[in-house]
Amino acid sequence: MSSHADSSDDPVVEAFEAATRGPVVHPAAGDEYDAARAIYNGMIDKEPRVIVRCTDVADVIAAVTLGREHGLETAIRSGGHNGAGHALVDDGLVIDLSGMDGVRVDPDAKTVRVEPGCTWGDVDHATHAFGLATVSGVVSTTGVGGLTLGGGHGYLTRQYGLTIDNLLSADVVLADGRLVRASSEENPDLFWALRGGGGNFGVVTSFEFRLHPVETVIAGPMFWPIDRLESTMRWYRDWLPQAPEDVSAFYLTGEVPGAPFPPEIHGETVCGLVWCCTGTEERANAALREARTVAEPLFEHVDPMPYPAIQSVFDDIYPPGDRWYWKGDFVAELTDDAIAVHERFAAVPTTQSFMHLYPIDGAASRVDADETAWNYRDATWSMVVAGVDSDADNDDVITDWAHEYWEALHPHSAGGSYVNFMMDEGDDRIRATYGDNHDRLRAVKAVYDPDNFFHVNQNIEPAA
């Protein structure tokens with residue numbers, strides 16, 4: 001049973017305290033409540049009626065059951081980023097999984113079982129001890145739960161596919177309180193939907209991933225002056241599709257922040273690449289030499305390093321509490337007209353704002369579009385435009401820039417977006433993202449969550 005220094009007169013809160021072992025946080029808890037409702041995106045400010053900080057699956061089952069019985073709008077928080085703020089809800093229930101952060105590696109089977117409150121930094125730490133890794137993002141503070149359920153892409157995608165392509169099974173608490181296993185053999189329709197369909201189908205309490213031999217990588221940033229954007233982006237679009245799949249690089253535009261970069265380039269507007277090569281030094285060096293012939297780098301620091309080092313290189317640049325507004329799209333090809341748009345918006349409004357083009361070709365493209373809920377297997381990049389700053393006075397500035405940039409680029413996109421790069425953008429955007437898979441997702445939703453209990457997300461409504 002939970003106990004608190006600050007008592008609540010709310011009988012609903014008391015019901016949760018009686019049913020769960022983890023802390024139950026409510027508005028009367030003062031500073032503890034404010035800390036519990038603070039999430040990564042500081043632009044999101046919501047006031048839940050009750051936050052249940054689960055310690056185990058039993059807490060999750062109890063929280064889902066009571067949330068349903070009391071008719072509470074319910075959000076699921078895994079402890080990562082969630083730029084859209086769907087980890088919180090006003091005057092409802094937050095099921096906070098961040099305390100469930102166990103990781104168990106099976107080095108012989110090359111698998112890892114991960115609880116939903118883990119960040120990818122937690123996973124990398126555990127798997128790197130065995131010279132293994134799975135596909136994740138590019139920031140180690142990213143949560144495992146949200147990234148995986150949205151599809152997941154990162155440095156290893158060209159070689160090993162999306163994160164969902166490496167998901168072997170999941171334990172899921174459904175809206176009716178049942179715990180089920182989802183895999184290719186058990187509840188395969190649910191397993192299909194979890195791989196890209198977001199948090200629509202239940203609360204995942206355990207993920208099982210396939211691991212790959214990844215230990216030392218050749219990685220790091222290469223920046224060019226911003227006036228070389230056109231030539232370098234044209235080269236990049238032609239080079240990437242034919243590059244070896246163990247060589248990956250995402251393209252960026254932005255402003256050079258402070259440390260760890262040299263003072264003489266602080267504040268410079270740049271374009272560039274962040275490299276990650278799991279192959280031989282010879283192969284990496286061949287790609288680097290080719291990139292240097294396109295334009296002379298303003299700065300370069302690409303060296304052998306442990307895989308967790310490149311995974312965490314952005315952590316300090318983007319701390320929790322910064323204010324974010326982002327928009328994304330899938331990109332099949334970088335046309336000359338699209339490159340002209342990138343040139344027009346290259347001047348970012350704040351030092352932390354950026355545009356990134358993440359490769360999602362290679363191994364990810366060899367999975368059929370109907371094999372998982374992720375529909376855009378023929379896209380080459382997942383693009384995100386993000387306005388970021390720590391000052392609330394700049395909210396309109398970063399939001400307007402990101403939105404206008406995206407509006408200008410969208411006609412040159414493949415149509416839909418990575419759901420993890422979406423704000424609250426409406427049903428048409430969700431339908432565009434899932435394409436031909438949307439009707440099947442609605443049918444699966446009708447089986448596992450017919451009342452749409454899990455709707456604080458990029459929502460897929462159940463079929464009638």
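Residues numbered from 1 in each chain as written. Predicted model: local features only at pLDDT ≥ 70, side-chain atom pairs only at ≥ 80, totals over all residues. Heavy atoms only, no water.

So, on to the environment of Asn452. For Asn452, the location among the structural elements is in the segment after helix H14 (438-448). Sequence-wise, Asn452 and Phe201 are 251 residues apart; in three dimensions their C-alpha atoms are separated by 8.7 Å. Leave out the neighbours within four places in its chain, and Asn452 touches Lys445, Asn459, Ile460, Glu461 and Pro462. Polar side-chain contacts of Asn452 include one of 2.8 Å to the side chain of Asn459. (Helix = DSSP H or I, 4+ residues; strand = E, 2+ residues; numbered from the N terminus. Contact = heavy atoms within 4.5 Å. Polar contact = N/O pair within 3.5 Å; in protein donor to acceptor, adjacent residues only side chain to side chain.)

In a beta sheet, neighbouring strands are held together by backbone hydrogen bonds and run either parallel or antiparallel to one another. Spatially, S1-S2-S4-S3 is the arrangement adopted by the 4 strands of the open sheet, whose pairing is mixed. Lying at the two open borders of the sheet, with one neighbouring strand each, are strand S1 (24-25) and strand S3 (74-77). Of the strand pairs in this sheet, S3 and strand S4 (residues 93-96) are connected by 4 bridges, and their pairing is parallel. Each bridged residue has a counterpart across the sheet, and for Ala75 the counterpart in S4 is Val94. (Pairing = 2+ DSSP bridges.)

Take helix H11 (residues 336-344) next. Of the residues making up H11, those classed as buried are Ala338, Ile339, Val341 and His342. Buried residues of H11, seen end-on, are gathered within an arc of 155 degrees and therefore sit on one face of the element. Those residues of H11 that are exposed and aimed more than 90 degrees away from the buried face are Asp337 and Arg344. Next to the buried residues of H11 lie helix H8 (229-239), strand S18 (354-359) and helix H12 (395-409). (Buried < 20%, exposed > 50% of the residue type's maximum accessible area, 1.4 Å probe, protein only. Arc of directions from axis to C-beta.)

A word on helix H4 (residues 120-128). Among the residues of H4, those classed as buried are Trp120, Val123, Asp124, Ala126 and Thr127. The elements touched by buried residues of H4 are strand S5 (103-106), strand S6 (111-114), strand S7 (132-133), helix H5 (144-150), strand S10 (203-210) and helix H10 (307-311).

Our focus in this paragraph is the side chain of Asn457. For Asn457, the location among the structural elements is in the segment after H14. Its relative accessible area of 14% is what places Asn457 among the buried residues. One polar contact links the side chain of Asn457 to the main-chain carbonyl oxygen of Phe454, over a distance of 3.0 Å. Asn457 has contacts with His86, Gly199 and Asn200, leaving out every residue within four places of it along the chain.

To continue, consider the layout of surface pockets. As a volume, the largest pocket reaches approximately 170 Å³. Lining the largest pocket are 14 residues, with Ile164, Asp165, Arg195, Arg210 and Glu371 positioned closest to its centre. Considered class by class, the residues forming the lining of the largest pocket number 7 nonpolar, 3 polar and 4 charged. (1 Å grid on protein atoms, 1.4 Å probe; cavity = no way out; pocket = protein on both sides within 12 Å on 5 of 7 lines; lining within 4 Å. Points joined across faces, edges and corners; volume = space filled by probe spheres on them. Nonpolar A, V, L, I, M, F, W, Y, C, P; charged D, E, K, R; others polar.)

Going through the model one piece at a time under the given rule, you end up with 22 salt bridges. Note that Arg53 and Asp96 form a salt bridge whose closest N and O atoms lie 3.6 Å from each other. Of the two residues, Arg53 sits in strand S2 (residues 50-53) while Asp96 sits in strand S4, which places them 43 residues apart along the sequence. What makes Arg53 partly exposed here is its relative accessible area of 29%. When its relative accessible area of 1% is taken as the criterion, Asp96 is described as buried. When the shortest N-O distance is used, the salt bridge between Asp329 and Arg429 registers 3.2 Å. In this pair, Asp329 sits in strand S17 (residues 323-331) while Arg429 sits in helix H13 (residues 427-434), placing the two residues 100 residues apart along the sequence. Judged by relative accessible area, Asp329 falls into the buried class, the value being 0%. With relative accessibility at 9%, the residue Arg429 sits in the buried group. The structure contains a network of salt bridges with shared partners spanning Glu230, Arg234, Arg237, Asp238 and Asp336. (Salt bridge = Lys/Arg side-chain N within 4 Å of Asp/Glu carboxyl O.)

Attention shifts here to the sheet that holds strand S9 (residues 179-183). Strand order in this open sheet of 5 strands is S5-S6-S10-S8-S9, and the pairing throughout is antiparallel. Looking at strand neighbours, the two that pair on one side only are S5 and S9, the edges of this open sheet. Neighbouring strand axes in the sheet, compared pairwise and without regard to direction, differ in orientation by 15 degrees on average. In terms of strand pairing, S6 meets S10 through 4 bridges, oriented antiparallel. Following the sheet pairing, Val112 is matched in S10 by Phe209. Along the sheet, H4 makes contact with S5, S6 and S10, crossing S5 at roughly 35 degrees. (Axes fitted to C-alpha atoms, helices over the stretch in contact; angles between N-to-C directions.)

Without other data, these values stay purely geometric and don't point to any function.
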